[in-house]
Amino acid sequence: MKLPYIEIEQDNDDPELIYNVTTKVDQSIAAEWLAWMKEEHIPDLISTGCFTEALILQVTEVDDSEGPTYAVQYSAPSRALYNQYIEMFSVDMRKKAEARWGVLTISFRTVLRVVN
């Protein structure tokens, strides 16, 4: 499903951002959650036009006895596009994930500015 977005001109002084979502996933849904991320959730976020790519990383050297922890890094070419995502899409995307997984996942988000 292609979601609508507003075309924003990029400012060369507007640095690329990484929207990082780190999620602890309950062991009982780990495989299903990862498949959902790859097949549905990440494609939906990319289709907003606010991000160009996503990278899924598994966090290591943490206690994973209750389930794995993943970091998904979404590349936004500019702060304007990231802000567009937050304003237009983030609430619905979070609600969709919460409705699907409930308390079996816990997420926190960070925004990183690319400096190299």
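Residues numbered from 1 in each chain as written. Predicted model: local features only at pLDDT ≥ 70, side-chain atom pairs only at ≥ 80, totals over all residues. Heavy atoms only, no water.

**Student:** So what exactly am I meant to see when it comes to the pattern of salt bridges here?
**Tutor:** Working definition: two side chains of opposite charge can pair if their charged atoms are close together. The final tally for this structure, using the stated rule, is four salt bridges. Glu32 is the salt-bridge partner of Arg100, the closest N and O atoms lying 3.4 Å from each other. With Arg100 in helix H3 (residues 90-101) and Glu32 in helix H1 (residues 30-46), this residue pair connects regions lying 68 residues apart in the sequence. Judged by relative accessible area, Glu32 falls into the partly exposed class, the value being 43%. (Salt bridge = Lys/Arg side-chain N within 4 Å of Asp/Glu carboxyl O. Helix = DSSP H or I, 4+ residues; strand = E, 2+ residues; numbered from the N terminus. Buried < 20%, exposed > 50% of the residue type's maximum accessible area, 1.4 Å probe, protein only.)

**Student:** I would appreciate a short explanation of the pairing of strand S3 (residues 69-76) in the present structure.
**Tutor:** Summarising burial for S3: seven of the eight residues are buried, a large majority. With eight bridges joining them, strand S1 (residues 17-25) and S3 adopt antiparallel strand pairing. In the strand pairing of S3, Thr23 is matched with Tyr70. In terms of strand pairing, strand S2 (residues 53-58) meets S3 through six bridges, oriented antiparallel. Along S3, the bridge assignment pairs Ile56 with Val72. (Pairing = 2+ DSSP bridges.)

**Student:** Honestly, the packing of H1 against H3 in this entry has me stumped. Any pointers?
**Tutor:** In helix packing, the relevant descriptors are the interaxial angle and the interaxial distance, both defined with respect to the helix axes. Running from N to C, H1 and H3 cross one another at 160 degrees; their axes reach a closest spacing of 12 Å. By the angle between their axes, H1 is roughly antiparallel relative to H3. As H1 packs across H3, the resulting crossing turns out to be right-handed. In contact with Glu32, Trp33, Trp36, Glu40, His41, Asp44 and Leu45 of H1, H3 contributes Met93, Lys96, Ala97, Arg100 and Trp101. Among the residues forming the contact of H1 with H3, the class breakdown is six nonpolar, one polar and five charged. (Axes fitted to C-alpha atoms, helices over the stretch in contact; angles between N-to-C directions. Parallel < 35°, antiparallel > 145°, perpendicular 65-115°, else oblique. Left-handed = near helix turned anticlockwise from the far one by under 90°. Contact = heavy atoms within 4.5 Å. Nonpolar A, V, L, I, M, F, W, Y, C, P; charged D, E, K, R; others polar.)

**Student:** Which parts of the structure should I look at to understand unusual backbone geometry?
**Tutor:** Most peptide bonds are trans, and most residues other than glycine sit at a negative phi. At Glu61, a position not held by glycine, the phi torsion is positive, near 60 degrees. Turning to its location among the elements, Glu61 is positioned in the loop between S2 and S3. Judged by relative accessible area, Glu61 falls into the exposed class, the value being 84%.

**Student:** What's the story with the packing of aromatic side chains in this structure? I'm lost.
**Tutor:** Between two aromatic rings, the relevant description is the distance of the centres plus the angle of the planes. One pass over the full model with this rule turns up nine aromatic pairs. With a centroid separation of 5.5 Å and an interplanar angle of 50 degrees, the aromatic rings of Phe51 and Tyr74 are classed as tilted. Here Phe51 is found in the loop between H1 and S2, whereas its partner Tyr74 is found in strand S3, with 23 residues between them in sequence. For the pair Phe51 and Tyr74, one class covers both residues: buried. A connected cluster of aromatic rings, assembled from ring pairs, spans Tyr19, Phe51, Tyr74, Tyr82, Tyr85 and Phe89. (Phe/Tyr/Trp six-rings, centres within 6.5 Å; stacked < 30°, edge-to-face > 60°.)

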